[in-house]
Amino acid sequence: MLSRLTRPRAVAVCALPVVALVATALFAPLPFALAQPGMTANVLGENKGAEVITISGAKTRTTSGQLRMTTIEATGPDTDVSLGDVFDSWFSTDRAVMPHDAVYPSGQSVKEIEKHNTAQMKESQDAATEAALNYLKLGDDKVKVTLKLADVGGPSAGLLFTLGIIDKLNGDGAGGDLTGGRTIAGTGTIDADGTVGAVGGVALKTQAAKRDGATVFLVPEEECSDAKAELPKGLRLIPVTSLKGAVSALTALESGKGSVPAC
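Overview of the structure. Everything numeric in this text was worked out from a predicted model, so none of it was measured.

This part is about the overall build of the protein chain. When its secondary structure is counted, the protein chain shows 8 helices and 12 strands. Per-residue burial for the protein chain yields a buried fraction of 41% across its 263 residues. Counting only contacts in the protein chain whose residues sit at least 6 apart along the sequence, the fraction spanning at least 24 positions is 75%.

What follows is the structure, given as structure tokens:
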């Protein structure tokens with residue numbers, strides 16, 4: 001025999017599965033990673049006690065100003081992210097919710113991901129060296145460049161490595177610094193032919209740049225809209241698609257002559 005439920009009891013009984021589902025959703029792991037502004041490093045100086053760029057086989061310059069590569073910090077590849085975590089980060093300007101596979105290669109272990117990121121960094125450093133020496137028309141059989149950046153993986157420092165090598169060897173080409181004495185930050189991959197590529201996470205990287213004193217930020221042109229989304233006040237965006245364009249923009253910015261592109 002079925003007993004008849006009063007309306008309050010019926011609502012309570014029906015609500016129990018919903019509450020259970022919501023509770024499960026709140027704490028169940030989701031395929032996302034949470035990111036925030038990470039460290040920056042001046043490639044013209046030292047990082048953790050070691051020169052980032054060391055050059056032999058050619059005369060180098062004493063530079064002023066800074067070229068700061070930027071990073072984001074993300075939850076680990078094996079970290080569980082819940083719906084509650086996503087909600088908290090979704091409405092925060094200094095955090096971002098990103099698809100897990102956009103941050104870490106799918107189906108790989110933590111050690112495999114670390115190995116992958118290290119390999120990408122090495123490839124980026126090799127490409128940065130080749131791009132810089134090609135730009136300056138210097139033979140890589142005579143000039144040896146060593147790049148060292150502790151605890152950072154991936155290819156997104158490529159552009160800044162390349163500009164750092166050029167500044168140390170040639171400056172602006174007319175006796176001055178490529179930075180013009182400014183603190184300039186940026187991000188972007190680099191190919192040996194000088195092509196600059198997108199990297200992701202630029203809205204967080206601009207915040208890291210501003211936090212660490214930058215007034216100018218070099219951004220891959222295709223990521224201009226992302227960079228403008230949460231752009232800190234007082235940080236100037238310069239879009240770039242190539243190494244030649246980046247050098248030209250910095251030279252124009254320093255001299256006050258010529259046009260400087262904007263997003």
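Having put the structure on the table, let's press on.
Before going further, it helps to spend a moment on helix 6 (residues 202-211). Among the 10 residues of helix 6, 8 are classified as buried, and the element is accordingly described as predominantly covered. For helix 6, the full list of buried residues reads V202, A203, L204, K205, T206, Q207, A208 and A209.

The subject of this paragraph is the state of the cysteines. Think of a disulfide as a covalent bridge from one cysteine sulfur atom to another cysteine sulfur atom. For the structure shown, the criterion picks out 1 disulfide. Here C224 connects covalently by a disulfide to C263, the sulfurs 2.0 Å from one another. When the S-S torsion is -65°, as for the bridge of C224 with C263, the disulfide is left-handed. Of this pair, C224 sits in helix 7 (residues 224-229) while C263 is found in the segment after helix 8 (243-255), placing the two residues 39 residues apart along the sequence.

Attention now moves to the packing of helix 5 (residues 158-169) against helix 8. In contact at an axis separation of 11 Å, helix 5 and helix 8 are set at 60° when each is read in the N-to-C sense. In terms of orientation, helix 5 lies oblique with respect to helix 8. Crossing hand, helix 5 versus helix 8: right-handed. Mapping the contact onto sequence places L159, T162, L163 and I166 in helix 5 and L243, A246, V247 and L250 in helix 8. Residue composition of the contact of helix 5 with helix 8, by class: 7 nonpolar, 1 polar and no charged.

Mapping D177 onto the fold places it in the loop between helix 5 and strand 8 (183-186). On the basis of relative accessibility, which here comes to 14%, the residue D177 falls in the buried class. A polar contact of 3.1 Å, which involves the side chain of D177, links it to the side chain of R61. The residues touching D177, leaving out its near neighbours within four places in the chain, are R61, T62, T63, S64, D167, D172 and E254.

Looking now at the side chain of T40. In this structure, T40 sits in strand 1 (residues 32-42). Classification of T40 as buried rests on a relative accessible area of 8%. There is a polar contact of 2.6 Å between the side chain of T40 and the side chain of D212. Ignoring anything within four residues of it in the chain, the contact list for T40 reads R68, M69, T70, A208, A209, R211 and D212.

As a rule of thumb, soluble globular proteins bury nonpolar side chains together. In this structure, L159, F161 and L163 are the most contacted members of the largest nonpolar core, which totals 42 residues. Listing elements by their share of this core, those giving two or more residues are strand 4 (53-56), strand 5 (66-74), helix 4 (110-136), strand 7 (144-147), helix 5, strand 11 (216-220), strand 12 (236-240) and helix 8. Here L159 is in contact with T187, G188, T189, I190, V196, L218, V240 and A246, once residues within four sequence places are set aside.

Moving on: the pairing of strand 12. The element strand 12 is largely enclosed, with a buried count of 4 among its 5 residues. Pairing between strand 11 and strand 12: 5 bridges, direction parallel. Bridge pairing in strand 12 places L218 opposite I238. In this fold, the crossover linking strand 11 to strand 12 by way of helix 7 has right-handed handedness.

Our next topic: the packing of helix 4 against helix 5. One way to put it is that helix 4 packs onto helix 5 with a least axis distance of 8 Å and a crossing angle of 40°. Classified by the angle between their axes, helix 4 and helix 5 sit oblique to one another. Two packed elements cross with a definite hand, and for helix 4 against helix 5 that hand is right-handed. Between helix 4 and helix 5, the residues in contact are M121, S124, Q125, A128, T129, A131, A132, L133, Y135 and L136 and G158, F161, T162, I165, I166 and L169, respectively. Among the residues making up the contact of helix 4 with helix 5, the classes are represented as 11 nonpolar, 5 polar and no charged.

At K48, a residue that is not glycine, the phi angle is positive and equals roughly 55°. Looking at K48, the relative accessible area reads 61%, which means it is exposed. Located in the positive-phi region is K137, a residue other than glycine, with phi close to 60°. Residue placement: K137 occurs in the loop between helix 4 and strand 7.

Quick notes on the rules
Residues numbered from 1 in each chain as written. Predicted model: local features only at pLDDT ≥ 70, side-chain atom pairs only at ≥ 80, totals over all residues. Heavy atoms only, no water. Helix = DSSP H or I, 4+ residues; strand = E, 2+ residues; numbered from the N terminus. Buried < 20%, exposed > 50% of the residue type's maximum accessible area, 1.4 Å probe, protein only. Contact = heavy atoms within 4.5 Å. Disulfide = S-S within 2.5 Å. Axes fitted to C-alpha atoms, helices over the stretch in contact; angles between N-to-C directions. Parallel < 35°, antiparallel > 145°, perpendicular 65-115°, else oblique. Left-handed = near helix turned anticlockwise from the far one by under 90°. Nonpolar A, V, L, I, M, F, W, Y, C, P; charged D, E, K, R; others polar. Polar contact = N/O pair within 3.5 Å; in protein donor to acceptor, adjacent residues only side chain to side chain. Core = buried A, V, L, I, M, F, W, Y, C linked by side-chain atoms within 4.5 Å. Pairing = 2+ DSSP bridges. Right-handed = clockwise from strand over helix to strand, strands pointing away.

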